[in-house]
Amino acid sequence: MTYALLGLYGLFALVALLNLTLMRRPGRRKEGDSFCVLIPARNEAENLKELIPLLKPQGVKIYVFDDESEDNTAEVAREAGAIVIRPREPLPQGWTGKNRACHELAKAAAEDSDARWYLFLDADTRPAPDFIDGMRDLAAQAGGRCGVLTGFPQIKPGKGIEPLFLAWVGWVILATNPFGVVSRTRMGHNRFTNGQVHAWKSEIYTRLWPNERVKDRVMEDVTMGRMLAKERIQVETANLTQILSVRMYQTWQETLDGMSKNSFEIANSVPGSLIVALLFVFFALGWLLTGALIPWTLGLFTLGGFAVALNVRTVWWPALFMPLVCLIGAFTVLRSTYWRVTGQTRWKGRTYQN
């Protein structure tokens, strides 16, 4: 039992280190496939004031879906040079706002653009001046068989202890899923996309219409990753930290609420979510069962956290508190499950029922 636990924590550290060293990083390519940028936006005027001017000089057509905003999202986007799409009707029953927005954006691009790739970006992301060149290079690296590009931007920390409440998300993804190995060997499938940034070959998106397929899912990117594995469509998951950054939340309360919105969908069932929460508790406390090997087990646990932080170029200090990080993950999943069961899942002014 002791050595099995040591091996488990060692496996987490190994996967995190392999992702740090093997995940592809985009270079710079001026010529190649064309991209258009699709941005779903609800009350994102302030973010769009920063985002669109960073994209315009890179020579891409930008589409913004104004998702019934209560601020001047549409006006800001239009003045900055984006093509603005507004809904013809209120959000239909059975759709989440982001899925409706992405679906309508892709429909507009299909009618108006001849770009090879539809690149979806969240409004709170911040691209580098060579972002599109980097994505173009990543498409070339991934090869013709790859249908979807996604990856991890640099995670900019919020205020105070906020990183402590987000660290479990990066750890559970980058210490358990061997993106680098799959990328280099082309064996297997990671069943993953990152909703902050993902690009689809236009012909694949318009064949699958994936956001319509997952229209009721709050964590649509996880469901689309599973769908892509079923469809046997290759996904390249890359380290995008040199060309894209994001500050997801400012405070620990925003982070807890944001992750409580969607963590239920990791397992997408009450029994499954309870199992996920119990696993987090086990990871948080299991190292205590290794007796004389506790320093080694805890060291491997911490090493995995450090490797994840280095991979997304964020603050490293939460890695010193990995047991607490996993307990926060367990609490967040349980809170998310309670929200879903009681019909309290709420985000950007909308409540999503079970």
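Higher on the page you've got the structure.
Presented here is an overview of the structure given in this document. (Residues numbered from 1 in each chain as written. Predicted model: local features only at pLDDT ≥ 70, side-chain atom pairs only at ≥ 80, totals over all residues. Heavy atoms only, no water.)

Considering the overall build of the protein
In step 1: For the protein, the helix and strand inventory stands at 14 helices and 12 strands.
In step 2: For a compact globule of 354 residues, the expected C-alpha radius of gyration is about 20 Å, and the protein comes in at 20 Å, within 12% of that figure.
In step 3: On the principal axes, the C-alpha backbone points of the protein span a range of 65 × 45 × 40 Å.
In step 4: Considering the protein as a whole, with its 354 residues, one finds that 56% of them fall into the buried category.
In step 5: Considering only intrachain contacts with a sequence separation of at least 6, the fraction spanning at least 24 residues in the protein is 81%.
In step 6: Of the accessible surface of the protein, which amounts to about 15300 Å², a share of 58% is contributed by carbon and sulfur atoms.
In step 7: One finds the centroid of the 40 positive side-chain charges in the protein at a distance of 6 Å from the centroid of its 33 negative side-chain charges. (Helix = DSSP H or I, 4+ residues; strand = E, 2+ residues; numbered from the N terminus. Rg over C-alpha atoms; globule rule 2.2 N^0.38 Å. Buried < 20%, exposed > 50% of the residue type's maximum accessible area, 1.4 Å probe, protein only. Contact = heavy atoms within 4.5 Å. Areas by Shrake-Rupley, 256 points an atom, 1.4 Å probe, with all protein chains shown as cover. Lys, Arg positive; Asp, Glu negative; His and termini not counted. Charge placed at Lys NZ, Arg CZ, Asp CG, Glu CD.)

Some words on the packing of helix α6 (residues 162–174) against helix α14 (residues 322–341)
For any two helices packed against each other, the geometry comes down to the angle between their axes and how far apart the axes lie.
In step 1: Interhelical geometry of α6 versus α14 gives an angle of 85° and a closest axis separation of 8 Å. The orientation of α6 relative to α14 falls into the category roughly perpendicular. Where α6 approaches α14, its residues L164, F165, A167, W168 and W171 are matched on the opposing element by M322, L324, V325, C326, I328, G329 and T332.
In step 2: Residues belonging to the contact of α6 with α14 are distributed by class as follows: 10 nonpolar, 2 polar and no charged. (Axes fitted to C-alpha atoms, helices over the stretch in contact; angles between N-to-C directions. Parallel < 35°, antiparallel > 145°, perpendicular 65-115°, else oblique. Nonpolar A, V, L, I, M, F, W, Y, C, P; charged D, E, K, R; others polar.)

Examining the sheet that holds strand β8 (residues 197–201)
In step 1: Sheet architecture is open: 7 strands sit in the order β3-β2-β1-β4-β8-β6-β9, paired in mixed fashion. Of all strands in the sheet, those with a lone pairing partner are β3 (83–85) and β9 (234–239), marking the two edges. Direction aside, the axes of adjacent strands within the sheet are offset by 20° on average.
In step 2: As paired elements, strand β2 (residues 61–66) and β3 share 3 bridges and run parallel to each other. Looking across to β3, one finds that V64 is bridged to V84.
In step 3: Contacting β1 (35–41), β2 and β4 (117–121), helix α2 (residues 45–55) runs over the sheet at an angle of about 175° to β1. (Pairing = 2+ DSSP bridges.)

Observations concerning helix α12 (residues 270–285)
In step 1: Between its first and last C-alpha, α12 extends 23 Å over 16 residues, near the 22 Å set by a 1.5 Å rise per residue.
In step 2: Those residues of α12 that fall on the buried side of the exposure criterion are G272, S273, V276, A277, F280, F283 and A284. For α12, the angular spread of the buried residues around the axis is 140°, confining them to a single face. More than 90 degrees from the buried face of α12, the exposed residues found are P271, I275 and L278.
In step 3: Buried residues in α12 make contact with α1 (2–22), α6, α13 (294–311) and α14.
In step 4: For α12, the N-terminal cap is S269; the gap from its side-chain oxygen to the backbone nitrogen of G272 is 3.0 Å. (Expected span 1.5 Å × (residues − 1). Arc of directions from axis to C-beta. Polar contact = N/O pair within 3.5 Å; in protein donor to acceptor, adjacent residues only side chain to side chain.)

Re the sheet that holds strand β10 (residues 244–246)
In step 1: Reading across the sheet, the 3 strands line up as β5-β10-β7 and stay open at both edges, with mixed pairing between neighbours. Single-partner strands in this sheet number two, and they are β5 (125–127) and β7 (154–155).
In step 2: Looking at chain direction, β7 and β10 are connected through 2 bridges and run parallel. By the bridge assignment for β10, Q154 is matched with S245.

Things to note about the pattern of salt bridges
In step 1: For the structure shown, the criterion picks out 21 salt bridges.
In step 2: Across the salt bridge formed by D66 and R86, the nearest N and O atoms sit 3.1 Å from each other. You can see D66 sitting in strand β2 and its partner R86 sitting in the loop between β3 and α4 (97–112), a full 20 residues away along the chain.
In step 3: Using a relative accessible area of 44% as the deciding quantity, one classes R86 as partly exposed.
In step 4: Ionic contacts of the salt-bridge type, sharing partners, join the residues R24, R186 and E236 into one network. (Salt bridge = Lys/Arg side-chain N within 4 Å of Asp/Glu carboxyl O.)

Observations concerning the nonpolar core
In step 1: Counting 36 residues, the largest nonpolar core has F152, W168, W171, L174, F280, F301 and C326 as the members making the most contacts within it.
In step 2: Sorting the residues of this core by element identifies α1, α6, α11 (252–262), α12, α13 and α14 as the ones contributing at least two each.
In step 3: Sort the elements by how many residues they give to this core and α6 lands first, with 7 residues.
In step 4: Beyond its immediate chain neighbours, meaning those up to four positions away, C326 contacts W171, F280, F283, A284 and F301. (Core = buried A, V, L, I, M, F, W, Y, C linked by side-chain atoms within 4.5 Å.)

Considering a nonpolar patch on the surface
In step 1: On the surface, a nonpolar cluster with roughly 710 Å² of combined accessible area is contributed by V281, L285, L288, W316, L320, F321, L324 and L327.
In step 2: Counting only elements with at least two residues in the nonpolar patch, the list comes to α12 and α14.
In step 3: Take F321: it is sitting in the loop between α13 and α14. (Patch = residues over 30% accessible without salt bridge, like charges linked within 9 Å, V, L, I, M, F, W, Y side chains within 5 Å.)

What to know about a negative patch on the surface
In step 1: A contiguous patch of negative charge on the surface is contributed by E70, D71, E75 and E79.
In step 2: Counting through the fold element by element, E70 comes out in the loop between β2 and α3 (73–80).

Overview of the packing of aromatic side chains
In step 1: According to the stated counting rule, one finds 19 aromatic pairs in the structure shown.
In step 2: On the numbers, 5.4 Å between centres and 85° between planes, the contact of W168 with F280 is edge-to-face. Taken as a pair, W168 in helix α6 and F280 in helix α12 lie far apart in primary sequence, 112 residues in all. F280 matches W168 in its accessibility class, with the two residues each being buried.
In step 3: Chaining the aromatic ring pairs together yields one cluster made of Y9, F12, W171, F282, F283 and F301. (Phe/Tyr/Trp six-rings, centres within 6.5 Å; stacked < 30°, edge-to-face > 60°.)

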